[in-house]
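# Reading the structure
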Amino acid sequence: MQHWSSSKFFYRWVFCELTKAKKLSNLLLGLLFIAVAIRVAKSTLWLFYSDVSMIILNIGFGAHLAIVPLLMLYVLSSKANFKWAWYHFFHFIPCFVVFVLSGTLSTSNFWYVGGYSALLYHSVIYLLTTMYYLAVILRQNDVPAEANTWLKTLFTSVTLFCMAEIN
């Protein structure tokens, strides 16, 4: 029973935090940095150790699937009138599917037979969508000049990070 009450408290806290604009922006940015850190850790392990567990690799791929939607939502949250809505969770369905199936997905039955290509297409589509939203926000002067520079720098950095995977 203790677990249920603490989970209930956690979900109420998350819901309350997601309704606050400035805190929402900070939460999305924090989650973006965590996803990048998980992805970097996965890639580092893959580079230096030949026998990395497939679960670790799948968690890294799942984090990669979360990076670009988090970036897009962070850019959108820079606008004063942005409100969190339930449908924003749909952006994270691919990430959650990979997390849930991380014990069964392997390189031979998923990642090398189209899964990795789908991940890269997912990244490109979200980056192009984010670039469009960023251009609209910058054109409308919806954010201060310092925020413009920060958003452009963050977008460029995440784009280079995600596209470094393409060889």
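Residues numbered from 1 in each chain as written. Predicted model: local features only at pLDDT ≥ 70, side-chain atom pairs only at ≥ 80, totals over all residues. Heavy atoms only, no water.

Our next topic: a nonpolar patch on the surface. On the surface, a cluster of nonpolar side chains totalling about 560 Å² of accessible area is made up of Leu31, Ile34, Ile38, Ile55, Ile59, Phe96 and Phe99. Sorting the residues of the nonpolar patch by element identifies α2 (21–48), α3 (54–77) and α4 (93–100) as the ones contributing at least two each. Along the chain, the position of Leu31 falls in helix α2. (Patch = residues over 30% accessible without salt bridge, like charges linked within 9 Å, V, L, I, M, F, W, Y side chains within 5 Å. Areas by Shrake-Rupley, 256 points an atom, 1.4 Å probe, with all protein chains shown as cover. Salt bridge = Lys/Arg side-chain N within 4 Å of Asp/Glu carboxyl O. Helix = DSSP H or I, 4+ residues; strand = E, 2+ residues; numbered from the N terminus.)

Right, let's get into the packing of helix α5 (residues 115–139) against helix α6 (residues 145–163). Contact geometry for α5 and α6: axes closest at 11 Å, N-to-C directions at 170°. Judged by the inter-axis angle, α5 sits roughly antiparallel to α6. Contact residues: α5 offers Ser123, Val124, Leu127, Thr130, Met131, Leu134 and Leu138, while α6 offers Asn148, Leu151, Lys152, Phe155, Thr159, Cys162 and Met163. Among the residues making up the contact of α5 with α6, the classes are represented as 9 nonpolar, 4 polar and 1 charged. (Axes fitted to C-alpha atoms, helices over the stretch in contact; angles between N-to-C directions. Parallel < 35°, antiparallel > 145°, perpendicular 65-115°, else oblique. Contact = heavy atoms within 4.5 Å. Nonpolar A, V, L, I, M, F, W, Y, C, P; charged D, E, K, R; others polar.)

A few words now on the side chain of His122. Inspection of the secondary structure puts His122 in helix α5. Accessibility expressed as a relative area gives 13% for His122, which makes it buried. Beyond its immediate chain neighbours, meaning those up to four positions away, His122 contacts Leu65, Val68, Pro69 and Pro94. (Buried < 20%, exposed > 50% of the residue type's maximum accessible area, 1.4 Å probe, protein only.)

Looking now at the packing of aromatic side chains. On inspection of all chains with the given rule, the structure shows 7 aromatic pairs. Each ring, one from Trp86 and one from Phe90, has its centre 5.6 Å from the other, and the planes form 75°; the classification is edge-to-face. The exposed category is assigned to Trp86, whose relative accessible area is 62%. On the basis of an interplanar angle of 55° and a centroid distance of 5.7 Å, the ring pair of Tyr132 and Tyr133 is categorised as tilted. Judged by relative accessible area, which is 52%, Tyr132 ranks as exposed. An aromatic cluster is built from Phe61, Phe110, Trp111 and Tyr116, whose rings are joined through pairwise contacts. (Phe/Tyr/Trp six-rings, centres within 6.5 Å; stacked < 30°, edge-to-face > 60°.)

It is worth spelling out the packing of α3 against α6 at this point. Each pair of packed helices can be summarised by the angle the axes make with each other and by the distance between the axes. Axis separation between α3 and α6 bottoms out at 11 Å; the angle between their running directions is 165°. Between α3 and α6, the interaxial angle falls into the category roughly antiparallel. Of the two elements, α3 crosses α6, and the hand of that crossing is left-handed. Contacts between α3 and α6 involve His64, Ile67, Val68, Leu71, Tyr74 and Val75 from the former and Trp150, Leu151, Leu154, Phe155, Val158, Phe161 and Cys162 from the latter. Its residues placed into classes, the contact of α3 with α6 shows 12 nonpolar, 1 polar and no charged. (Left-handed = near helix turned anticlockwise from the far one by under 90°.)

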